[in-house]
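Per-entry structural report
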Amino acid sequence: MYQLPELPYAYDALAPIVSEDIMRLHHQKHHQAYVDKLNAALDTQPELKDQSLVQLLAHVDDLPSTVAKAIRNQGGGHYNHSLFWQCMTPQHIEVADGRLAEAIIAKWGSMDEFMGAFSAEATSLFGSGWVWLTRDLEIIALPNQDTPMMLGKGEPLMGLDVWEHAYYLDYRNRRDEYIKNWWRVVNWPFIESRYSS
Ligand code: MN
């Protein structure tokens, strides 16, 4: 049985960039619903319970069609949100250092250029979805709760949720403002640790 993970900080810790209202709703309602529906789907296919969530998502297209969609959407939702909470911190760490920052600067020229490219993907993503930084330092936007694992690109380093539920209470239709502010709560040491592992 999958369980809702605790947030690594208080519900109001990211305010005003992400308000307590959004964090409570997003974590206790949206994320909880992904967990509950994932468990319900696995109850219909108990043999799949031996596989890790990463394995299930990486091979989602090979799963029985009766559960593939639920694993993709609900399992993806659980994985993505579990990662998302950890990608944020109230500590206002300005920028990355270490191997990841070096690699980003080697590829994009500067952290600002990288953040601009990532933000542009997030701003222009049509509908609901996420923007990801993959292990190979590719920025990709994917719809719904799809993850880079489904494309054979491994576990992502970081992701930004641009579903309306992630920002609408605070920012209404101003997704670009949400994205711009979001960088101030990014947990670079956590993302660096994923790159280095
Ligand atoms: Mn979400």
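Residues numbered from 1 in each chain as written. Predicted model: local features only at pLDDT ≥ 70, side-chain atom pairs only at ≥ 80, totals over all residues. Heavy atoms only, no water.

Below, the discussion takes up the sheet that holds strand S2 (residues 139-143). If you walk across this open sheet you meet the three strands as S2-S1-S3, and the pairing is antiparallel. The strands lining the two open edges of the sheet, one partner per strand, are S2 and strand S3 (158-161). Adjacent strand axes in the sheet meet at a mean angle of 20°, parallel and antiparallel pairs treated alike. Along the sheet face, helix H5 (residues 111-124) touches strand S1 (129-133), S2 and S3 and points at about 160° away from the line of S1. (Pairing = 2+ DSSP bridges. Helix = DSSP H or I, 4+ residues; strand = E, 2+ residues; numbered from the N terminus. Axes fitted to C-alpha atoms, helices over the stretch in contact; angles between N-to-C directions. Contact = heavy atoms within 4.5 Å.)

Quick look at the coordination of the manganese ion now. Every protein donor of the manganese ion is accounted for by His26 (NE2), His81 (NE2), Asp161 (OD) and His165 (NE2), and the metal-donor separations fall at 2.0 to 2.1 Å. The motif formed by the donor residues of the manganese ion, counted along the single chain, is H-x54-H-x79-D-x3-H. Note that His26 is positioned in helix H1 (residues 20-43) and His165 in the loop between S3 and helix H6 (168-171), a separation of 139 residues in sequence. His165 carries the same exposure label as His26, and that label is buried. (Donors = N, O, S within 2.8 Å, 3.2 Å for Na, K, Ca; no water. Buried < 20%, exposed > 50% of the residue type's maximum accessible area, 1.4 Å probe, protein only.)

Across the two faces of S3 the burial is the same, with Met158 and Leu160 and Gly159 and Asp161 all buried. Alignment of S1 against S3, held across four bridges, turns out to be antiparallel. Note that in S3 the partner of Trp132 across the bridge is Gly159.

Compared with an ideal rise of 1.5 Å per residue, which puts 22 residues at 32 Å, helix H3 (residues 65-86) spans 32 Å between its outermost C-alpha atoms and is within 8% of the ideal. Of all the bends found along H3, the most pronounced is centred on Ile71 and spans about 35°. (Expected span 1.5 Å × (residues − 1). Bend = angle between axes of the 7 residues up to and from the residue.)

As a further point, take the side chain of Gln145. Its location among the elements puts Gln145 in the loop between S2 and S3. Classification of Gln145 by relative accessible area gives buried; the value is 2%. Looking at Gln145, its side chain comes within polar contact range of the side chain of Tyr34, at 2.9 Å. (Polar contact = N/O pair within 3.5 Å; in protein donor to acceptor, adjacent residues only side chain to side chain.)

Below, the discussion takes up the environment of Phe84. Assignment of secondary structure puts Phe84 in helix H3. Sequence separation between Phe84 and Met111 is 27 residues; the distance between their C-alpha atoms is 20 Å. Once you skip the residues sitting within four places of it in the chain, Phe84 turns out to touch His26, Trp130, Gly159, Leu160, Asp161, Tyr178 and Trp182.

Domain assignment breaks the chain into domain 1 (20-86) and domain 2 (98-196). Centre-to-centre separation of domain 1 and domain 2, based on C-alpha positions: 20 Å. Opposite the 20 residues of domain 1 that make contact, domain 2 presents 25 residues. Regarding the contact of domain 1 and domain 2, the summed buried area is about 1,900 Å², with carbon and sulfur atoms giving 64% of it. Linking Arg72 and Asp146 is a salt bridge whose minimum nitrogen-to-oxygen distance equals 2.9 Å. Scanning the region where domain 1 abuts domain 2 turns up 10 residue pairs in polar contact (both at pLDDT 80 or more). Mapped by element, the contributors of at least two residues to the side of domain 1 that touches domain 2 are H1, helix H2 (53-58) and H3. Here the side of domain 1 that touches domain 2 gets 10 residues from one element, more than from any other, and that element is H3. Along the lines of polarity and charge, the residues of the side of domain 1 that touches domain 2 split into 10 nonpolar, eight polar and two charged. (Domains from an automatic or database assignment. Buried area = accessible area lost by both parts, 1.4 Å probe. Salt bridge = Lys/Arg side-chain N within 4 Å of Asp/Glu carboxyl O. Nonpolar A, V, L, I, M, F, W, Y, C, P; charged D, E, K, R; others polar.)

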